[in-house]
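This is what each chain is made of:
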Amino acid sequence: MRTLSDFDSGTKHATLLVFLPPAMTTLEDIVERGFIAAMRTRNIAADVLLAEITHEHVMQQRVAGTLRETVIAPALARGYRQIWLAGISLGAFNALHYAAQFADDVTGLCLLAPYPGTGDILREIGQAGGPAAWAAKPGQSRSDEREWWHWLWQESQAGSAAKPIYVGLSASDRFLHGQQMLAKLLPSERIDLIPGTHDWPAWFDLWQRWLDRGWLDRSSL
């Protein structure tokens with residue numbers, strides 16, 4: 001897995017943000033679009049590491065395992081006390097996969113325009129009466145993204161013990177229907193809905209809105 005960081009080996013905050021880009025983009029696209037600069041101009045005390053999840057990782061269901069081996073386990077060994085996952089579209093989908101399998105590793109999630117999964121699974125959830133009704137039925141499959149739908153439902157039942165999860169949405173996003181089903185499992189104050197489509201300008205606006213919420217550690221080194 002290819003990674004890109006904005007810190008050197010001698011610099012470390014207590015918090016690490018692992019950023020997972022959308023499909024068909026590069027790690028450099030995130031940098032060039034200003035996502036890291038937006039953090040730095042706010043003096044947020046967190047290190048940032050961009051991790052490239054390939055189509056092969058997704059198709060072979062190796063996202064969580066590879067990310068843990070390559071990025072998360074080494075970060076924990078280095079002494080990071082908080083690890084946040086942020087992702088755009090398929091990157092958010094992959095962040096949910098990781099959290100569902102290794103929840104104890106993750107402090108919280110920032111999900112920008114999350115890809116909600118394939119149409120057949122979304123229809124299955126919708127026909128059951130929504131994600132809560134679907135997940136509560138015994139014997140439901142845990143394959144594919146169903147695993148993180150179940151995990152997200154469990155988090156919705158955890159009350160104050162639930163992990164902080166932010167979801168940023170655009171009103172004309174082509175995946176909005178599935179995203180809104182996902183959003184129903186979270187408190188309304190953790191959902192942003194802005195004008196826009198499934199594109200960089202909306203994603204960047206949502207990113208800045210999340211940064212301004214102050215969820216990341218702002219303490220000094």
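Below: a short report on this structure. Keep in mind it's a predicted model, so treat the numbers as computed, not measured. (Residues numbered from 1 in each chain as written. Predicted model: local features only at pLDDT ≥ 70, side-chain atom pairs only at ≥ 80, totals over all residues. Heavy atoms only, no water.)

1. Topic: the pairing of strand 4 (residues 82–88)
For step 1, the next point in the chain: The buried fraction of strand 4 amounts to six of the seven residues, a majority that puts the element mostly inside the structure.
For step 2, the next point in the chain: Where strand 2 (residues 15–20) meets strand 4, six bridges bridge the pair, whose relative direction is parallel. Residue pairing in the sheet places L16 in a bridge with I83 of strand 4.
For step 3, the next point in the chain: Bridge count between strand 4 and strand 5 (residues 108–112): five bridges; the pairing is parallel. (Buried < 20%, exposed > 50% of the residue type's maximum accessible area, 1.4 Å probe, protein only. Helix = DSSP H or I, 4+ residues; strand = E, 2+ residues; numbered from the N terminus. Pairing = 2+ DSSP bridges.)

2. Re the pattern of salt bridges
For step 1, the next point in the chain: By the definition in use, this model includes eight salt bridges.
For step 2, the next point in the chain: A salt bridge links D192 to R209, with the shortest nitrogen-to-oxygen separation between them at 3.1 Å. Of this pair, D192 sits in strand 7 (residues 191–194) while R209 sits in helix 10 (residues 200–212), and the two are 17 residues apart along the sequence.
For step 3, the next point in the chain: Under the relative-accessibility criterion, R209 is labelled partly exposed at 40%.
For step 4, the next point in the chain: Between R213 and D192 there is a salt bridge, with the nearest N and O atoms lying 3.1 Å from each other. Separated by 21 residues along the polypeptide, R213 in the segment after helix 10 and D192 in strand 7 bring together distant segments of the chain. (Salt bridge = Lys/Arg side-chain N within 4 Å of Asp/Glu carboxyl O.)

3. Side note on the packing of helix 8 (residues 146–156) against helix 9 (residues 176–183)
For step 1, the next point in the chain: Relative to each other, helix 8 and helix 9 sit at 40 degrees, their axes nearing to 10 Å. As far as their axial angle goes, helix 9 and helix 8 are oblique. Across the interface between the two elements, W148, W149 and L152 of helix 8 pack against G178, M181 and L182 of helix 9.
For step 2, the next point in the chain: Residues belonging to the contact of helix 8 with helix 9 are distributed by class as follows: five nonpolar, one polar and no charged. (Axes fitted to C-alpha atoms, helices over the stretch in contact; angles between N-to-C directions. Parallel < 35°, antiparallel > 145°, perpendicular 65-115°, else oblique. Contact = heavy atoms within 4.5 Å. Nonpolar A, V, L, I, M, F, W, Y, C, P; charged D, E, K, R; others polar.)

4. Observations concerning the packing of aromatic side chains
For step 1, the next point in the chain: As enumerated under the stated definition, the model contains 17 aromatic pairs in all.
For step 2, the next point in the chain: An angle of 20 degrees between the planes, with centres 5.0 Å apart, marks the rings of W148 and W149 as stacked.
For step 3, the next point in the chain: W148 gets classed as buried once you look at its relative accessible area, which sits at 0%.
For step 4, the next point in the chain: Residue class for W149 comes out buried when judged on its relative accessible area of 1%.
For step 5, the next point in the chain: Ring geometry for Y166 and W215: centres 6.2 Å apart, planes at 85 degrees, overall edge-to-face. In this pair, Y166 sits in strand 6 (residues 165–170) while W215 sits in the segment after helix 10, placing the two residues 49 residues apart along the sequence.
For step 6, the next point in the chain: Residue class for Y166 comes out buried when judged on its relative accessible area of 0%. (Phe/Tyr/Trp six-rings, centres within 6.5 Å; stacked < 30°, edge-to-face > 60°.)

5. A closer look at unusual backbone geometry
Negative phi characterises most residues that are not glycine, and trans characterises most peptide bonds.
For step 1, the next point in the chain: Even without being glycine, M24 reaches a positive phi, approximately 60 degrees.
For step 2, the next point in the chain: Turning to its location among the elements, M24 is positioned in the loop between strand 2 and helix 1 (27–32).
For step 3, the next point in the chain: With a phi angle near 55 degrees, N43 is a residue other than glycine that sits in the positive phi range.
For step 4, the next point in the chain: Tracing the sequence through the fold places N43 in the loop between helix 2 (35–41) and strand 3 (47–51).
For step 5, the next point in the chain: Looking at N43, the relative accessible area reads 63%, which means it is exposed.

6. With respect to the environment of I194
For step 1, the next point in the chain: Summarising the element assignment, I194 is placed in strand 7.
For step 2, the next point in the chain: Each C-alpha atom, one on I194 and one on S172, is 9.0 Å from the other, the two residues being 22 residues apart in sequence.
For step 3, the next point in the chain: Filtering out sequence-adjacent residues up to four positions away, I194 remains in contact with L169, S170, A171, A202, D205, L206 and R209.

7. A short note on helix 9
For step 1, the next point in the chain: Most of helix 9 sits out of view: six of its eight residues are buried.
For step 2, the next point in the chain: If you follow the buried residues of helix 9, they end up packed against helix 5 (90–101), helix 6 (119–127), helix 7 (131–136), helix 8, strand 6 and strand 7.

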